[in-house]
Amino acid sequence: MRSCPYCGSTLTFDRMEKIYSCGRCGAVLTLQELVEHREKARAEKEKMLKERRRHEEYLEWWLSSKK
Ligand SMILES: [Zn+2]
């Protein structure tokens, strides 16, 4: 089951049109668009984790330099 990248609701697949549509927010996506959304979301999450780690490293350095 696929979920809407905008609102997280369950998407309905239209076999005739070969598209996914969201009953809650009305978004219409092809499988290709859905994959692109997922890839983008994963890249953003990775970037966020990387930045958080850098921040933690900085914090650690800052705290140790205060001693
Ligand atoms: Zn939606």
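Everything here concerns the structure above.
Residues numbered from 1 in each chain as written. Predicted model: local features only at pLDDT ≥ 70, side-chain atom pairs only at ≥ 80, totals over all residues.

A. Inspection of the overall build of the chain at higher detail. Along its length, the chain carries 1 helix and 3 strands. The N-to-C order of helical and strand elements in the chain reads β-β-β-α. Taken over the C-alpha trace, the chain has a radius of gyration of 19 Å; the compact-globule value for 67 residues is 11 Å, which it surpasses by more than 25%. Its C-alpha atoms put the chain at 65 × 20 × 15 Å along the principal axes. Evaluated residue by residue, the chain yields a buried proportion of 6% over its 67 residues. Summarising the internal contacts of the chain: among those between residues at least 6 apart in sequence, 8% fall at separations of at least 24. (Helix = DSSP H or I, 4+ residues; strand = E, 2+ residues; numbered from the N terminus. Rg over C-alpha atoms; globule rule 2.2 N^0.38 Å. Buried ≥ 20, exposed ≤ 12 C-beta atoms within 10 Å, placed from the backbone. Contact = placed C-beta atoms within 7 Å.)

B. Region of the structure containing the sheet that holds strand β1 (residues 11-14). Here we have 3 strands laid out as an open sheet, ordered β1-β2-β3, and antiparallel in their pairing. The two strands at the open ends of the sheet, each matched to only one other strand, are β1 and β3 (28-29). Where β1 meets strand β2 (residues 19-22), 4 bridges bridge the pair, whose relative direction is antiparallel. Looking at β2, one finds that Phe13 is bridged to Tyr20. (Pairing = 2+ DSSP bridges.)

Everything listed is a geometric property; what it means functionally is a separate question.
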